Amino acid sequence: MNANSPAPVAASELAAQVARLVQSTPAYDLHTHLYDPAFGELLLWGIDDLLVYHYLIAESLRQTSLPFADFWRLPKTGQADLVWDALFVRHSPLSEACRGVLTTLHALGLDVRRRDLPALRQWFAQRNLDRHITECMELAGVRRICMTNSPFDPLERPVWERGFQRDERFAAALRIDPLLLAWPETAAQLREWGYAVGNGELDDRAFSAVRRFLADWSRKIDPQFLMVSLPPDFTFPGRSPAAQLLQGAVLPHCRDTGLPFALMPGVRRQVNPLLRMAGDGLGLTDLRALENLCASHPENKFLATVLARENQHELTVLARKFRNLHIFGCWWFLNIPSLIDEITRMRVELLGLSFTPQHSDARILDQLVYKWRHSREIITRVLVDKYSDLARTGWDTTPDEMARDVRNLLGGSFEQFLRQ
Ligand code: HDL
Ligand code: ZN
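Residues numbered from 1 in each chain as written. Chains lettered and ligands numbered in written order. Predicted model: local features only at pLDDT ≥ 70, side-chain atom pairs only at ≥ 80, totals over all residues. Heavy atoms only, no water.

Novice: Which parts of the structure should I look at to understand the environment of Ser218?
Specialist: Relative to the helices and strands, Ser218 resides in helix H12 (residues 204–221). Since its relative accessible area comes to 11%, Ser218 is described here as buried. It is 25 Å that separates the C-alpha atoms of Ser218 and Ala295, two residues lying 77 residues apart in sequence. Not counting residues up to four positions away in its chain, the partners in contact with Ser218 are Leu174, Pro223, Leu226, His253 and Leu259. There is a polar contact of 2.7 Å between the side chain of Ser218 and the backbone oxygen of Leu214. (Helix = DSSP H or I, 4+ residues; strand = E, 2+ residues; numbered from the N terminus. Buried < 20%, exposed > 50% of the residue type's maximum accessible area, 1.4 Å probe, protein only. Contact = heavy atoms within 4.5 Å. Polar contact = N/O pair within 3.5 Å; in protein donor to acceptor, adjacent residues only side chain to side chain.)

Novice: How should the packing of helix H5 (residues 76–89) against helix H7 (residues 117–125) be read in this particular structure?
Specialist: A packed helix pair is summarised by two numbers, namely the angle formed by the two axes and the spacing between the axes. Relative to each other, H5 and H7 sit at 135°, their axes nearing to 12 Å. Taken together, H5 and H7 sit at an angle that is classed as oblique. The chirality of how H5 crosses H7 is right-handed. From H5, Thr77, Ala80, Asp81 and Trp84 reach across to H7, where they touch Leu117, Leu120 and Arg121. For the contact of H5 with H7, a count of residues per class yields four nonpolar, one polar and two charged. (Axes fitted to C-alpha atoms, helices over the stretch in contact; angles between N-to-C directions. Parallel < 35°, antiparallel > 145°, perpendicular 65-115°, else oblique. Left-handed = near helix turned anticlockwise from the far one by under 90°. Nonpolar A, V, L, I, M, F, W, Y, C, P; charged D, E, K, R; others polar.)

Novice: Where do I start with the sheet that holds strand S9 (residues 325–327) in this structure?
Specialist: Within a sheet, adjacent strands bond to each other through the backbone by hydrogen bonds, running parallel or antiparallel. Taken together, the seven strands give an open sheet; going across it, the order is S1-S2-S3-S4-S5-S8-S9, and neighbouring strands pair in parallel fashion. What marks the edges here is a single partner per strand, and that holds for strand S1 (27–29) and S9. With strand direction ignored, the average angle separating the axes of adjacent strands in the sheet is 25°. One ladder, built from two bridges, connects strand S2 (residues 142–146) with strand S3 (residues 170–175); its direction is parallel. Bridge assignment links Cys146 to a residue of S3, and that residue is Ala171. With respect to the sheet, helix H14 (residues 288–296) is in contact with strand S5 (261–265), strand S8 (302–304) and S9, its orientation differing from that of S8 by roughly 160°. (Pairing = 2+ DSSP bridges.)

Novice: Any chance you could explain the pairing of S2 here in plain terms?
Specialist: Each regular strand displays side chains that alternate between the two surfaces of the sheet. Where S1 and S2 come together, three bridges link them in parallel fashion. Of the residues in S2, the one forming a bridge with Ala27 is Val142.

Novice: How should I be thinking about the nonpolar core in this particular structure?
Specialist: Nonpolar side chains in soluble globular proteins generally cluster together in the buried interior. Grouped together as the largest cluster of nonpolar side chains are 138 residues, with contacts concentrated most on Ile176, Val250, Phe261 and Leu325. A total of nine residues in this core trace back to one element, the largest contributor, which is helix H17 (residues 367–391). Phe261 has contacts with Ile176, Leu180, Leu226, Met227, Val228, Leu246, Val250, Leu251, Cys254, Lys301, Phe302 and Leu303, leaving out every residue within four places of it along the chain. The next biggest cluster of nonpolar side chains, apart from the first, holds six residues, and it includes Cys330, Leu334, Leu339 and Ile378. (Core = buried A, V, L, I, M, F, W, Y, C linked by side-chain atoms within 4.5 Å.)

Novice: When you look at the site of ligand 1 in this model, what are you seeing that I'm missing?
Specialist: In the vicinity of ligand 1, the contacting residues are His31, His33, His54, Tyr55, Arg175, Ser229, Met264, Arg269, Trp331, Trp332, Asp361 and Arg363. A distance of 2.9 Å separates an oxygen atom of ligand 1 from a polar side-chain atom of Asp361. When ligand 1 sits alone it has 330 Å² of accessible area, and the protein chains cover 97% of it. Looking at the shell around ligand 1 residue by residue, the classes come out as four nonpolar, four polar and four charged. (Near = heavy atom within 4 Å. Areas by Shrake-Rupley, 256 points an atom, 1.4 Å probe, with all protein chains shown as cover.)

Novice: Help me out: how do you make sense of the coordination of the zinc ion (ligand 2) in this one?
Specialist: Each donor-metal-donor angle would ideally measure 109.5 degrees in four-coordinate tetrahedral geometry, or 90 or 180 degrees in six-coordinate octahedral geometry. Within the protein, His31 (NE2), His33 (NE2) and Asp361 (OD) serve as the donor atoms for the zinc ion (ligand 2), at 2.1 to 2.2 Å. Mapping the donors of the zinc ion (ligand 2) onto the primary sequence gives the spacing H-x1-H-x327-D. Remark: Asp361 occurs in the loop between helix H16 (337–351) and H17 and His31 occurs in the loop between S1 and helix H2 (47–51); sequence separation between them is 330 residues. Across the pair, Asp361 and His31 agree in class, each one buried. (Donors = N, O, S within 2.8 Å, 3.2 Å for Na, K, Ca; no water.)

Novice: Help me out: how do you make sense of the pattern of salt bridges in this one?
Specialist: Opposite charge on two side chains permits them to pair, given that their charged atoms come into close proximity. In the structure shown here, the tally under the stated rule is 30 salt bridges. Among the salt bridges present, the one from Arg143 reaches Glu415, with a minimum N-O distance of 2.7 Å. On the criterion of sequence distance, the pair formed by Arg143 in strand S2 and Glu415 in helix H18 (residues 399–419) is long-range, its members being 272 residues apart. For Arg143, a relative accessible area of 33% puts it in the partly exposed group. Where salt bridges share partners, they join Asp341, Arg345, Arg381 and Asp385 into one cluster. (Salt bridge = Lys/Arg side-chain N within 4 Å of Asp/Glu carboxyl O.)

Novice: Can you help me understand the state of the cysteines in this one?
Specialist: Working definition: the covalent bond between the sulfur atoms of two cysteines is a disulfide. If you walk through the whole model with that rule in mind, you get zero disulfides. Among the cysteines around Cys98, which has no disulfide bond, Cys136 carries the closest sulfur, lying 19 Å off. Looking at Cys98, the relative accessible area reads 2%, which means it is buried. (Disulfide = S-S within 2.5 Å.)

Any link to function would need more than the numbers given here.
Here it is in structure tokens:
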């Protein structure tokens, strides 16, 4: 070591430095199901919504013989009582979704040791929503929330059509699953809205009408990107309506507007319909479709997160092959500490910093707190190991460089990708 180079930072100091940076760097949450407060009841928050999260419904219905139909007939508070009893009282709340509720309540200053659900309800009943939004975002360390916005949602659409003063903390993303996955029916819906899609034939007339629809909604909601969740067996190129609409309308629209297209493949919808929103499962995705899209559309930008653990290595290698592909998040069934650690470690080792390790997928505002706190702990652990590995080569990463790297991982690389 030459005389004037600084002494290597001690391992404990490096760990503290990384932890401070990850903790204090605000994140851009690029995929959630939260809503600008202008959408009123669509923005879910509070203890009962936390407890009836579909992840917890799936877990609690395993701990009771109550017929599913009887559960669905209960009022929300009745469903929440059942979840609380099954997963927090009769069994220790060890699952990620259970622990998350407690992390959030604890961060909000509530004493979970009392295990007093009525008292928790009283506390939330007196909460002011604006203050709650600000406090949850501060506790979660989130600076911007990207919503999931669907023109096909009958509750959401009228709010956009009425118009409202946007809360700049809430960005939009244009979700088009029905357009791609339910084409013949959706063609009728577009016709009703005045788009001359013809009789649903996938011809140039239909494609230009779909492009007008996409252009209208892109102007209306100013999306960061367009997005779709696809089944594991989606193929591209292909003869499916989804593949043809992507080719003929969606990707030309994205290319001309510079908007990325986000693919979220791997969902097998309604594996158990009796569980309703909790009834979706997953399957191994054929990533050839994503590879073909990136290769055949170099002028388009693609975001991707894939649902099966077994797809993650191949997805990361695909990102090495195509710089018009930005991968993100440990989505849904992957959003558990053991897999976040495995996947994030692999991505840093293969991609360095050109990816986005996490999004929350929060459906309830308060979930931001636990989803980000839990993930930050793991991202910190991974980065401490990686910077320590680096330090052993004699390379000393300065605090400013670490701060830059963490900003990139927590939204900076994503925003750069949007601009490129
Ligand atoms: O399709 C999606 O965006 C998924 O995230 C689903 O909404 C899923 O129900 C979910 O909430 N996962 O976390
Ligand atoms: Zn989602």
